[in-house]
Amino acid sequence: MMVCKRKLTGFTLIEVMLAMTLLSIMVVLLFSSLKIGAESWNKGESKIAQVNEKAVVYQFFKRHLPSVQPLWDEFSADKRQFSFQGERDKLQFVSVFPASAGRKGLQLFNVVFDRADPGIVKVILKPFYPTKDNEDWQSEEVVLLENVETFELAYFAKEDNAIDGVWSDNWQEKDSLPELVKIKIELVDKSYWPEMVFALRLASVKTPNKLSFK
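Here the structure is a predicted model, which means the values were calculated and not measured.

## Some points on the overall build of the protein chain
Scanning the protein chain from terminus to terminus reveals one helix and 10 strands. Moving toward the C terminus, one meets the helices and strands of the protein chain in the order α-β-β-β-β-β-β-β-β-β-β. By residue count, 29% of the 214 residues in the protein chain fall in the buried class. A separation threshold of at least 6 residues defines the contact pool for the protein chain, and within that pool the share at least 24 residues apart is 53%.

Here it is as structure tokens:
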């Protein structure tokens, strides 16, 4: 009787260890690629968010500053004053919303830099005058920008009989509009923020002594 012997085949210990080593390297490379991809995605999302943030702030000032109205505030409880009042870190002006907006008529804007940590730039909005008799003055507060370290305003105008104009960080107790408004913003993360300069279209218009309504 003949007995057939079969030769047993398989992996040696060295082959198994080599395969496991190669598999480990592949897994490490795969997860490294995923990590790099995730970081790139997050950076891209962050850049998009920063661009959108800048666009929102720029569009706000571009829409409202050029159409600032040279009006006197006849409704102030303290005293009659020109509606445009500017300081280094705050600004008050009268402008209008587009027809599609919910708030109609002239609006009084107060842009204020709150230095709380982190700083915020907020807009306080209310009607320049009630649209109806005995109607309550409805105000609204909106945060325009967060994580702000520096928010500086400057105002440009030519002095009487002067060829060159000058920049000032204060525009109070005046009866006219500045020709230009410059806005400098610096965020806590030190990311680049372009300096913004806006021309006021009605700066050369003679301001009325009294605001009247028909």
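Additional details are given in the paragraphs that follow.
## Here we look at unusual backbone geometry
Despite not being glycine, Asn147 shows a phi value in the positive range, around 55°. Mapping Asn147 onto the fold places it in strand S7 (residues 140-158). Positive phi outside glycine occurs at Lys190, with the angle close to 65°. In this structure, Lys190 sits in the loop between strand S9 (180-187) and strand S10 (196-199).

## Some points on the side chain of Ser95
Tracing the backbone shows Ser95 in strand S4 (residues 90-96). The buried category is assigned to Ser95, whose relative accessible area is 0%. Among the polar contacts listed, one links the side chain of Ser95 to the backbone oxygen of His64, at a separation of 3.2 Å. The residues contacting Ser95, other than those within four sequence positions of it, are His64, Ser67, Val68, Gly105, Leu106, Gln107 and Phe109.

About the cut-offs
Residues numbered from 1 in each chain as written. Predicted model: local features only at pLDDT ≥ 70, side-chain atom pairs only at ≥ 80, totals over all residues. Heavy atoms only, no water. Helix = DSSP H or I, 4+ residues; strand = E, 2+ residues; numbered from the N terminus. Buried < 20%, exposed > 50% of the residue type's maximum accessible area, 1.4 Å probe, protein only. Contact = heavy atoms within 4.5 Å. Polar contact = N/O pair within 3.5 Å; in protein donor to acceptor, adjacent residues only side chain to side chain.

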